[in-house]
Amino acid sequence: MISSYSNTIIYSSLAGIATIMGILIVLYAKEFTKKYSIYFVSFAAGVLLTFSLLHLIPDSLELYKNSLIIVLSGFLVFYLIEHFIMRHRFYECYERKHVVSKAAILGLGLHSLIDGVVIAAGFEVSKELGLITTLAVIAHELPEGITSMAILLHNKVKTNLALFYSFLVALATPIGAILTLIFLKNINSEFVGILIALAAGSFIYVGASDLVPETHENYNKLNALFLIIGIAFVIVISMLFN
């Protein structure tokens, strides 16, 4: 049987690969990115919000009774990160000219690092939660890879350097998972509940504050359909694992 340690390494690496796929889409299929990226964003919004409400929050409450306060704190932390560091919409279209690329990459990298922490914490609770957490992370890592690479290229960063920075964003997820594995040894379940609650707050913020507004701004009749597909995806996966 594969251990939780091995699962964490494998699935956090898959999440990082999803970011790399987003990077390659921008590099080799710019027209595809312009045309279809909003559908990835819509799907990711449905996944993140549903996963947070149906899984992360209930599971965190079982481990730590004051989890709702931590959820709110996670929401606030990501608001402050975006407000003071990133200074732009998380999934802002790369044609816009006021994006500060270094600040954006810093914010994206930090978010990827926390994604790794979330995956590791999920497997610490159960294989089921770990797998569903990974699926939720992968759902928004692809557009995150698109975002990071697009921002850098738009700001006239050389392609090789842009690839280097974007790959750092992708590597942040498995690095976060590995660091969590190291420091999660012999900790109590309440601390795991706190980590999961923080993840719920961050996912709700990204989904509700960044992704959903983006689906309205880049209006397409299919956006709502892909958001609903994201919701249904989490529900179906949850039923399969139960």
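Values in this document were obtained by computation on a predicted structure and should not be read as measured data. (Residues numbered from 1 in each chain as written. Predicted model: local features only at pLDDT ≥ 70, side-chain atom pairs only at ≥ 80, totals over all residues. Heavy atoms only, no water.)

A. Just the side chain of Thr134, in detail. Structurally, Thr134 can be placed in helix α5 (residues 127-154). You can call Thr134 buried: its relative accessible area is 1%. One polar contact links the side chain of Thr134 to the main-chain carbonyl oxygen of Gly130, over a distance of 2.8 Å. Excluding residues within four positions of it along the chain, Thr134 makes contact with Tyr11, Ile119 and Phe123. (Helix = DSSP H or I, 4+ residues; strand = E, 2+ residues; numbered from the N terminus. Buried < 20%, exposed > 50% of the residue type's maximum accessible area, 1.4 Å probe, protein only. Polar contact = N/O pair within 3.5 Å; in protein donor to acceptor, adjacent residues only side chain to side chain. Contact = heavy atoms within 4.5 Å.)

B. Main features of helix α7 (residues 189-217). Given a rise of 1.5 Å per residue, 29 residues ought to cover 42 Å, and the 41 Å separating the end C-alpha atoms of α7 matches this to within 8%. A maximum bend of about 30° is found in α7 at Gly207. (Expected span 1.5 Å × (residues − 1). Bend = angle between axes of the 7 residues up to and from the residue.)

C. The confidence of the model for the chain, seen in detail. Residues with a pLDDT of 70 or more make up 79% of the chain, whose mean pLDDT is 77. Low pLDDT, under 50, characterises residues 88-100; the predicted model gives this stretch 43 contacts beyond four residues in sequence or across chains. (pLDDT = per-residue confidence, 0-100.)

D. Spotlight on the packing of aromatic side chains. Summed over the entire model, instances satisfying the criterion amount to seven aromatic pairs. For the ring pair Tyr11 and Phe123, a centre distance of 5.6 Å and an interplane angle of 25° mean the geometry is stacked. Of this pair, Tyr11 sits in helix α1 (residues 4-28) while Phe123 sits in helix α4 (residues 101-125), and the two are 112 residues apart along the sequence. Residue classification places Phe123 among the buried residues on the basis of a relative accessible area of 4%. With 6.3 Å between their ring centres and 45° between their planes, Phe51 and Phe203 make a pair best called tilted. Taken as a pair, Phe51 in helix α2 (residues 30-63) and Phe203 in helix α7 lie far apart in primary sequence, 152 residues in all. Accessibility classification places Phe51 together with Phe203 in one group, the buried group. (Phe/Tyr/Trp six-rings, centres within 6.5 Å; stacked < 30°, edge-to-face > 60°.)

E. Representation of the layout of surface pockets in the model. Empty space within the second largest pocket amounts to approximately 160 Å³. Around the second largest pocket, the lining residues are Leu14, Ile17, Ala18, Met21, Phe40, Phe43, Ile138, Ala139 and Leu142. Those elements that provide at least two residues to the lining of the second largest pocket are α1, α2 and α5. Among the elements that line the lining of the second largest pocket, the one with the most residues is α1, at four residues. For the lining of the second largest pocket, the per-class residue count stands at nine nonpolar, no polar and no charged. (1 Å grid on protein atoms, 1.4 Å probe; cavity = no way out; pocket = protein on both sides within 12 Å on 5 of 7 lines; lining within 4 Å. Points joined across faces, edges and corners; volume = space filled by probe spheres on them. Nonpolar A, V, L, I, M, F, W, Y, C, P; charged D, E, K, R; others polar.)

F. Main features of a nonpolar patch on the surface. On the surface, a nonpolar cluster with roughly 840 Å² of combined accessible area is contributed by Leu161, Phe164, Leu168, Leu171, Ile175, Ile178, Leu179, Ile182 and Phe183. Tracing the backbone through its elements, the reader meets Leu171 in helix α6 (residues 159-183). The class of Leu171 is partly exposed, set by a relative accessible area of 45%. (Patch = residues over 30% accessible without salt bridge, like charges linked within 9 Å, V, L, I, M, F, W, Y side chains within 5 Å. Areas by Shrake-Rupley, 256 points an atom, 1.4 Å probe, with all protein chains shown as cover. Salt bridge = Lys/Arg side-chain N within 4 Å of Asp/Glu carboxyl O.)

G. View of the nonpolar core. Grouped together as the largest cluster of nonpolar side chains are 39 residues, with contacts concentrated most on Phe51, Leu56, Phe203 and Leu211. When contributions to this core are tallied by element, the ones reaching two or more residues are α2, α3 (67-86), α4, α5, α7 and α8 (221-241). The dominant element in this core, judged by the number of residues it contributes, is α7, at twelve residues. (Core = buried A, V, L, I, M, F, W, Y, C linked by side-chain atoms within 4.5 Å.)

H. Representation of α6. The terminal C-alpha atoms of α6, which comprises 25 residues, lie 36 Å apart, in line with the 36 Å expected from a rise of 1.5 Å per residue. At Ala172, α6 shows its largest kink, close to 30°, and the proline Pro174 lies no more than four residues downstream. Looking at α6, one finds that the buried residues are Ala162, Leu163, Ser166, Val169, Ala170, Ala172, Thr173, Pro174, Gly176, Ala177, Thr180 and Leu181.

I. Region of the structure containing the environment of Ile138. Its location among the elements puts Ile138 in helix α5. A residue is classified by how much of its surface remains accessible, and Ile138, at 27% relative accessible area, is partly exposed. Taking the C-alpha atoms as reference points, Ile138 and Ser12, 126 residues apart in sequence, are found 9.0 Å from one another. Residue contacts for Ile138: discarding those within four places in its chain leaves Leu14, Ala15 and Ala18.

J. Up close: the side chain of Thr180. Within the fold, Thr180 resides in helix α6. Classification of Thr180 by relative accessible area gives buried; the value is 7%. Of note is the side chain of Thr180, whose polar atom sits 2.7 Å from the backbone oxygen of Gly176. Not counting chain neighbours up to four residues away, the residues in contact with Thr180 comprise Val117 and Ala120.

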